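Residues per chain, in single letters:
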Amino acid sequence: MNPRNFYTTDTTLHEILRNGLQPDMFSYAHKSLTNFGAVVANEIDERARHTDREGEPRLVKFDRYGENVSEVWVNEGYKKTVKETYETGIVGYVHKEIPEVGRKGNYLYSFAQGYVLSQSEAGFYCPVTLTMATAFLLEQYANDELKSRFLPHVTATGDDDLFEGATFLTERQGGSDVGANVVKAVSDGEHFKLFGEKYFASNVGMAGVAMVLARIEGAPEGSRGLTLFAVPWRREDGSLNGVSIRRLKDKLGVRAVPSGEIEFEGAIAYVVGDKANGLKYMMEALNLSRICNAVASLGIMRRALNEASDYAHQRDAFGHKLIAFPMVQDTLGKLTAKMEVELATVFDLITLYDRVATKEVSEEELILNRLFIAIMKKESAEQAIHFSHEAIEMHGGNGYIEDFVTPRLLRDAQVLTVWEGTANILGLEFVRLVRKFNAHTLFISTMKLRIEKISKSSLKPIVAKVLDELQIDLNIFASLEEDMQKFEAKAMTQRMAVVYESVIALEMAEVSGEHLALLCDIYLEMTWGLRKIGEPMKTCQLFK
């Protein structure tokens, strides 16, 4: 039996990369991902199982002399995963030249790596995400001195000592209400020093530098009084930089990432950018992290689907393989259709994000970027839970046993609806985008322009009809009082997500072969309830 590879079998991802990258970059990415896909599916997958069950991070609070060291122990396999992953350039090559290509990579390639990685280790993709956000903030907003001090380490690919990153926002009294933060920054004439606590700090003890929001003494209350700081974990002499880990969180899933409560006790901190724009900067990084969240969701979806399909092909029941039963074929067919369309949709928004990162976009595209991220982060996170549930059910009792990967997929998926903003928070983002920028009209006009370019699909009128219906309701939504908008927001964003995906499905069917065209047809039939009882079983045709 050939070793598994999470990249080589993913033909939709191949096409996304082939269409989105220059030929020399695609050639490099294809080779690199082929190698990484094998490592992820085998060695990293086995290490992930060990970390989850037996080798999760542990806090070493004191040394043998009783001194506070606040170190986090991780197992040796985890350390290997850290080394192998960052040396692929998953963070570094977004910001620096790829030697084999002669120029920088981009987010499309990086997110393809993250998607492959998340099929085995969605937990570890969290520290990678935080390091990506840290690199983004340093490159975009830090002065030259801070960049030269930290950025080479944060973007290290084996050529420098690695500093993983972190973004510490959450405080006990605030949670998602970041404006309620009270960690304070006090100037001693030479440096700012931080005092206070962060209540949910991921990658704590592993990060070499953290991006932290704090309030300078005398700054106004609320979100406008927050400043962004770069805070190294250790000082230049190697001692702790006025930080102490109170405890690590005992989480339901994603146990690979150490999340804890941290106390700042005079930590030296360096201002990043304009002191008055700290929250604005962090929100820009949060949008990047939300895409990472969606990519992790896609990884879990793909792994859950593959596990369910493999089991259905192997398991005997009532004298047949499970895959021989129409109900099983229907389940797997619908999951496959959703998987391929959602994968293409998330990478469609990533293509736009790459242009945003290079500032080659209009104001309207900036608004669409924020809107697409909000609706697809919500949709993909919810689907990761659904796919994990379906994989467990396909396995029957075995799906509930920790010898199989399915329980971990469900446990890891659950946090993705919370990290980087719950459905409620994303709904509030949608309300802001509508009230301030008329994002709903941009969405409708963009989708209509894309539909107009479709010529072949017989289902084009169906999507055009639901888009017209959505336009009517979005116009009503925009006219409502703010409280009513907040009430309706989650339902509206869900409809927008599946309309966006439906347009992508039409585009995919336009240029793809027979198999993928059938999947797109199934997606639209399933999403909009088009099939009548007794009509052809299109999902079963996938298995003929």
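Conventions adopted
Residues numbered from 1 in each chain as written. Predicted model: local features only at pLDDT ≥ 70, side-chain atom pairs only at ≥ 80, totals over all residues. Heavy atoms only, no water. UniProt positions renumbered as here; feature names shortened; annotations may be inferred. Helix = DSSP H or I, 4+ residues; strand = E, 2+ residues; numbered from the N terminus. Domains from an automatic or database assignment. Contact = heavy atoms within 4.5 Å. Buried area = accessible area lost by both parts, 1.4 Å probe. Polar contact = N/O pair within 3.5 Å; in protein donor to acceptor, adjacent residues only side chain to side chain. Expected span 1.5 Å × (residues − 1). Buried < 20%, exposed > 50% of the residue type's maximum accessible area, 1.4 Å probe, protein only.

## Section: the UniProt feature "domain: Acyl-CoA dehydrogenase/oxidase C-terminal" (unreviewed entry) in the protein chain
On the UniProt side, "domain: Acyl-CoA dehydrogenase/oxidase C-terminal" (unreviewed entry) is annotated at positions that read residues 277-426 here. As annotated, residues 277-426 has a helix share of 77% and a strand share of 3%, and its two end C-alpha atoms lie 21 Å apart.

## A closer look at the UniProt feature "domain: Adaptive response protein AidB N-terminal" (unreviewed entry) in the protein chain
Taking the numbering used here, the UniProt-annotated feature "domain: Adaptive response protein AidB N-terminal" (unreviewed entry) corresponds to residues 3-157. Across residues 3-157, helical content stands at 61% and strand content at 10%; the span's end C-alpha atoms are separated by 26 Å.

## Things to note about the domain arrangement of the protein chain
Domain boundaries in the protein chain define domain 1 (11-155), domain 2 (166-275) and domain 3 (423-543). The centre of domain 1, based on its C-alpha atoms, is set 22 Å off from the matching centre of domain 2. Counting residues at the interface gives 32 residues for domain 1, matched by 31 residues for domain 2. Carbon and sulfur atoms make up 66% of the surface buried where domain 1 meets domain 2, a total of about 2500 Å² over both sides.

## Let's talk about unusual backbone geometry
Excluding glycine, most residues fall at negative phi; most peptide bonds, likewise, are trans. A positive phi angle, near 40°, is found at serine 70, a position not held by glycine. With respect to the secondary-structure elements, serine 70 resides in strand E2 (residues 68-73). Unusually for a residue other than glycine, valine 254 sits at a positive phi of about 35°. Assignment of secondary structure puts valine 254 in the loop between strand E10 (243-248) and strand E11 (259-271).

## Structural notes on the side chain of arginine 47
Looking at the element boundaries, arginine 47 is found in helix H2 (residues 23-53). Engagement of the side chain of arginine 47 in a polar contact is seen with the side chain of glutamate 84, the distance being 2.9 Å. The residues touching arginine 47, leaving out its near neighbours within four places in the chain, are Gly77, Lys80, Thr81 and Glu84.

## Considerations on the environment of lysine 486
Residue placement: lysine 486 occurs in helix H14 (residues 482-511). In this structure, the C-alpha to C-alpha distance between lysine 486 and aspartate 161, residues 325 residues apart in sequence, is 46 Å.

## Re helix H15 (residues 514-527)
With 14 residues, H15 extends 20 Å from end C-alpha to end C-alpha; this agrees with the ideal 20 Å at 1.5 Å per step. Within the sequence span of H15, burial applies to Leu518, Leu519, Cys520, Ile522, Tyr523, Leu524 and Glu525. Lining the buried residues of H15 we find helix H8 (326-357), helix H13 (460-479), H14 and helix H16 (538-541). Where H15 ends, the next residue or the one after it, glycine 529, has phi of about 60°, a positive value.

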